[in-house]
Amino acid sequence: MTERFSIAVFEGDGIGPEITGPTVDILTALAEKNGYGLDFQACPAGAAHYARTGEALPDRALQRARDADAILLSAMGLPSVRYPDGTEISPQIDLRKALTLFAGVRPVRLFPGLKTPLNLPPDRQVDFVLIRESTEGLFYTQGRGEVTEDEARETLLITRKISEQLFEFAFALARTRKATGRGRGQVTCVDKANVFRAFAFFRALFDAEAAKHPDLVADHAYVDATALWFVLKPWDFDVLVTENMFGDILSDLGAGLMGGLGVAPSADIGLDHAVFQPCHGSAPDIAGQGVANPMAMILSAAMMLDWLGLRHKRARLVEDGRLLRQAVEEVIGTGTHLTRDMGGRATTQTAARAVRDLVLSR
Ligand code: ATP
């Protein structure tokens, strides 16, 4: 019997539906071709949904996400729709907390055709993964900070439990990358341990995990120096692991190195659940025009296949993840189906179609 996986789909706001449709089409065709099934469950949620119904993340959608084998999400939030306290609707952050998705995985990989602002020496490869802790850190009091007439306070929280899970995840990823020839088995802890006791604690927990992996290389870097090295010698990194706010900032810098948000994928992974979504937001400025770049969303879907395959020990899904990533890279490399943000004239549909045709031909 065909093995089937259920996928909760949050098509979200702005350009979300435009990039979700073609991505789901590619995944469906790939699964059909290669003998497994993907059952997509729509999860209405987000800013437009809140404006209509007063609910940003309905219980039904959250339950579907909990029940699914994996979650595919485009982008949620619209600057024009806000809660009464003025903050934006961001159910993706609520999902991270509700499902304890502590590891925000942000791959940064440079390949031909990307408009990187870097002037890379020809013999240098940039292919690293930034892991951003995604449930605590400086986001711990998000929406609950204390603000008086004269002062504002937020709390940074680092817990042993989440940090230990995070570091275990980081070393496991470095091991997988090394085994598949994509990394040299190095994990860098990014912190500010020279100034804050909380980061000295973070670093000590990292060192304890590192001691269990004598075959992998563990090192440390301060976050300010890391920002500099992202620009000056990004080829030096393999896996980096850091606190929530530091990771938030560094992951946008990473997307910048790749030449923009339209090609930067991500995943938020916990012990039992995982959400796959592009790094970009809902891009309301270009919504409805059919020009959104679908590549970050398709690359996120490729990460989903890889994760599902590893988790369920299905080599076919891991292979399909690799083929899908390769197809995106080839389409971008040939430069014939680039969307406007990459200097081309392709529509969302034609760019996605080029990836679909290529991956199905393999
Ligand atoms: P958020 O805070 O939700 O992450 P944001 O306000 O930082 O969102 P985005 O919605 O990501 O920003 O948009 C930033 C800029 O990048 C916009 O000009 C948008 O049009 C552009 N952009 C984002 N995603 C894409 C995409 N997939 N294709 C083309 N342009 C995009």
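Residues numbered from 1 in each chain as written. Predicted model: local features only at pLDDT ≥ 70, side-chain atom pairs only at ≥ 80, totals over all residues. Heavy atoms only, no water.

Caption draft 1: Spatial organisation of a nonpolar patch on the surface. Side chains of Leu-228, Trp-229, Val-231 and Leu-232 sit close together on the surface and give an oily, nonpolar patch of about 370 Å² of accessible area. With respect to the helices and strands, Val-231 occurs in helix H7 (residues 223–232). Under the relative-accessibility criterion, Val-231 is labelled partly exposed at 41%. (Patch = residues over 30% accessible without salt bridge, like charges linked within 9 Å, V, L, I, M, F, W, Y side chains within 5 Å. Areas by Shrake-Rupley, 256 points an atom, 1.4 Å probe, with all protein chains shown as cover. Salt bridge = Lys/Arg side-chain N within 4 Å of Asp/Glu carboxyl O. Helix = DSSP H or I, 4+ residues; strand = E, 2+ residues; numbered from the N terminus. Buried < 20%, exposed > 50% of the residue type's maximum accessible area, 1.4 Å probe, protein only.)

Caption draft 2: Summary view of the domain arrangement of the protein. Assigned domains of the protein: these are domain 1 (1–102 + 264–362) and domain 2 (116–258). Computed over C-alpha atoms only, the centres of domain 1 and domain 2 are separated by 24 Å. Contacts between the two partners involve 13 residues from domain 1 and, on the opposite side, 14 residues from domain 2. On the domain 1 side of the contact with domain 2, Arg-96, Lys-97 and Phe-102 bury the most area, a combined 47% of that side's loss. There are zero salt bridges connecting domain 1 and domain 2. At the surface where domain 1 touches domain 2, the tally comes to two residue pairs in polar contact (both at pLDDT 80 or more). When contributions to the side of domain 1 that touches domain 2 are tallied by element, the ones reaching two or more residues are helix H4 (91–98) and strand E11 (265–269). Of the residues in the side of domain 1 that touches domain 2, the class split is seven nonpolar, two polar and four charged. (Domains from an automatic or database assignment. Contact = heavy atoms within 4.5 Å. Buried area = accessible area lost by both parts, 1.4 Å probe. Polar contact = N/O pair within 3.5 Å; in protein donor to acceptor, adjacent residues only side chain to side chain. Nonpolar A, V, L, I, M, F, W, Y, C, P; charged D, E, K, R; others polar.)

Caption draft 3: Seen up close, the nonpolar core. By size, the foremost hydrophobic cluster in this structure holds 88 residues, and its most contacted members are Ile-7, Leu-72, Phe-276, Met-295, Leu-324, Ile-332 and Val-355. Among the elements that take part in this core, helix H9 (residues 295–311) stands out by supplying 11 residues, more than any other. Counting only domains with at least three residues in this core, you end up with domain 1 (1–102 + 264–362) and domain 2 (116–258). (Core = buried A, V, L, I, M, F, W, Y, C linked by side-chain atoms within 4.5 Å.)

Caption draft 4: Here's a closer look at the site of the ligand. For the ligand, the full set of nearby residues is Ile-15, Leu-261, His-280, Gly-281, Ser-282, Ala-283, Asp-285, Ile-286, Ala-292, Asn-293 and Asp-341. Between the ligand and Ala-283 there is a distance of 2.8 Å, counted from an oxygen atom to a backbone nitrogen or oxygen. In the model, a nitrogen atom of the ligand is placed 2.9 Å from a nitrogen or oxygen of the Asn-293 main chain. For the ligand, whose free accessible area comes to 620 Å², the fraction covered by protein is 59%. Its residues placed into classes, the shell around the ligand shows five nonpolar, four polar and two charged. (Near = heavy atom within 4 Å.)

Caption draft 5: Summary view of the environment of Ala-287. For Ala-287, the location among the structural elements is in the loop between strand E12 (274–278) and H9. Spatially, the C-alpha atoms of Ala-287 and Ile-15 are 4.7 Å apart, while their sequence positions differ by 272 residues.

Caption draft 6: Region of interest: the pairing of strand E3 (residues 70–73). Both faces of E3 are covered, namely the face carrying Ala-70 and Leu-72 and the face carrying Ile-71 and Leu-73. Two elements, strand E1 (residues 3–10) and E3, share four bridges in a ladder whose sense is parallel. From the neighbouring strand, Val-9 faces E3, where its bridge partner is Leu-72. Where E3 lies against E12, two bridges are found, and the strand directions are parallel. From the neighbouring strand, Ile-71 faces E12, where its bridge partner is Val-275. (Pairing = 2+ DSSP bridges.)

Caption draft 7: Looking closely at the sheet that holds E12. Here 10 strands make up an open sheet; going across it, the order is E2-E1-E3-E12-E11-E4-E5-E10-E8-E9 and the pairing mixed. The strands lining the two open edges of the sheet, one partner per strand, are strand E2 (36–42) and strand E9 (217–222). Each strand of the sheet is rotated relative to its neighbour by a mean of 25°, with strand direction disregarded. Examined bridge by bridge, E1 and E2 share seven bridges and lie parallel to one another. Paired with Ser-6 across the strands is Asp-39, a residue of E2. Across the face of the sheet, H9 comes into contact with E1, E2, E3, strand E4 (103–109), E11 and E12 while running at roughly 160° to E12. (Axes fitted to C-alpha atoms, helices over the stretch in contact; angles between N-to-C directions.)

Caption draft 8: Representation of H9 in the model. A rise of 1.5 Å per residue sets the reference length of H9, with its 17 residues, at 24 Å; its end C-alpha atoms lie 24 Å apart and thus fit the reference within 8%. The buried fraction of H9 is high, at 14 of 17 residues. (Expected span 1.5 Å × (residues − 1).)

Caption draft 9: How the structure looks around the pattern of salt bridges. All chains considered together, the criterion is met by 23 salt bridges. Residue Arg-177 is joined to Asp-127 by a salt bridge in which the shortest nitrogen-to-oxygen separation is 3.3 Å. Here the residue Arg-177 occupies a position in helix H5 (residues 160–179), and Asp-127 occupies one in strand E5 (residues 127–133), the gap between them amounting to 50 residues. Between Arg-322 and Glu-319 there is a salt bridge; the shortest N-O distance is 2.9 Å. Highlighted residues: Arg-322 and Glu-319, both in helix H10 (residues 315–334), separated by three residues, approximately one helical turn. Overall, Arg-322 belongs to the partly exposed group, its relative accessible area being 35%. Accessibility expressed as a relative area gives 28% for Glu-319, which makes it partly exposed. Look at the salt bridges and you will find they share partners, linking Arg-109, Asp-127, Arg-177, Arg-182, Asp-238, Arg-325 and Glu-329 into a network.

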